[in-house]
Amino acid sequence: MSVNGDKIRKRYDRLAPWFDGLEGFLEGLIFRRLRKKLWAMAEGQHILEVGVGTGKNFSFYPPQARITAIDFSPKMLEQADKKRERKQLDVHLDLIDVQSLCYADNSFDTVVASFVFCSVPQPRKGLKEIYRVLKPGGQLLLLEHVLSSNKFMAALMNLLNPLIVRLVGANINRQTVKNVQACQFRSIFIDPNSSDMIKLIRAVK
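The following refers to the structure shown. (Residues numbered from 1 in each chain as written. Predicted model: local features only at pLDDT ≥ 70, side-chain atom pairs only at ≥ 80, totals over all residues. Heavy atoms only, no water.)

## Digging into the overall build of the chain
So, point 1. From N to C terminus, the chain includes seven helices and seven strands.
So, point 2. Walking the chain from its N terminus toward its C terminus, one meets helices and strands in the order α-α-α-β-β-α-β-β-α-β-α-α-β-β.
So, point 3. For the chain, the C-alpha radius of gyration of 16 Å lies close to 17 Å, the compact-globule estimate for 205 residues.
So, point 4. Principal-axis analysis of the C-alpha atoms gives the chain an extent of 45 × 40 × 35 Å.
So, point 5. When the 205 residues of the chain are sorted by exposure, 53% land in the buried category.
So, point 6. Taking as baseline every contact in the chain between residues at least 6 positions apart, the subset at least 24 positions apart corresponds to 70%. (Helix = DSSP H or I, 4+ residues; strand = E, 2+ residues; numbered from the N terminus. Rg over C-alpha atoms; globule rule 2.2 N^0.38 Å. Buried < 20%, exposed > 50% of the residue type's maximum accessible area, 1.4 Å probe, protein only. Contact = heavy atoms within 4.5 Å.)

Structure below.
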């Protein structure tokens, strides 16, 4: 892992025990509804969740699918493991960085990530790895906060971004739609109900 990546991992390790509480208000107000919508689109028998974090998506997993969930933060995975035990959920957890996946080509029917690529040091590298492990016709489902299209707001986000990265390891000015478009996906769909700064993206291999 790069020096920058190691710093981000350590920040998430530090925040892990309090992470759910820190985002509790937004989770209940906005994010939970969007997560449910995202996972309702998941298809196939073998699904990979990238950036499982503390397991916020566990409640939305398709009941019949075989699910592998990864994160690059050991402390986040510890929280997810505790939640998995409480929910008695059958999901395989792995300590893996999306930028260097150990899975074979064409392994997964669907890959899902929610609010993850704001924290990946080299997002296009991670997206190319996802493309590699997806089966032909498989889909990537993303729920991501992105740089605003409003010039004033975008300037403010760019100004604040170094501080936010230093505090929590997340970039608030990523252009994730453009990053997905730069990969080889044959079709990309942006949910028309997405807001200016939160996008639901579906990309098909």
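## Quick notes on helix α5 (residues 123-133)
So, point 1. For α5, the complete set of buried residues consists of P123, G126, L127, E129, I130, Y131 and V133.
So, point 2. Those residues of α5 that are buried lie in contact with β1 (46-50), β4 (108-114), β5 (134-145) and α7 (176-181).

## Let's talk about the side chain of N161
So, point 1. One can find N161 in helix α6 (residues 151-168).
So, point 2. Assessed through its relative accessible area of 8%, N161 is described here as buried.
So, point 3. Not counting residues up to four positions away in its chain, the partners in contact with N161 are A170, N171, I172 and N173.

## What about the packing of aromatic side chains?
So, point 1. Considering all chains together, one arrives at six aromatic pairs under this definition.
So, point 2. Here F58 and Y61 contribute two aromatic rings whose centre-to-centre distance is 5.4 Å and whose plane-to-plane angle is 65 degrees, an arrangement assigned as edge-to-face.
So, point 3. For Y61, a relative accessible area of 10% translates into the label buried.
So, point 4. Aromatic side chains Y103 and F108 sit 5.2 Å apart centroid to centroid with 85 degrees between the ring planes, which places their arrangement in the edge-to-face category.
So, point 5. A relative accessible area of 14% places Y103 in the buried class.
So, point 6. Ring pairs connect the aromatic residues W39, F58 and Y61, which therefore count as one cluster.
So, point 7. Here the guanidinium or amino end of K205 rests over the ring plane of Y131, the centre of that ring lying 4.8 Å away. (Phe/Tyr/Trp six-rings, centres within 6.5 Å; stacked < 30°, edge-to-face > 60°. Lys NZ or Arg CZ within 6 Å of the ring centre and 35° of its normal.)

## Brief notes about the pairing of strand β3 (residues 92-95)
So, point 1. Relative to β3, strand β2 (residues 66-71) runs parallel, the two sharing four bridges. Bridge pairing in β3 places A69 opposite L93.
So, point 2. Viewed along the sheet, the connection from β2 through helix α4 (residues 74-87) into β3 turns out right-handed. (Pairing = 2+ DSSP bridges. Right-handed = clockwise from strand over helix to strand, strands pointing away.)

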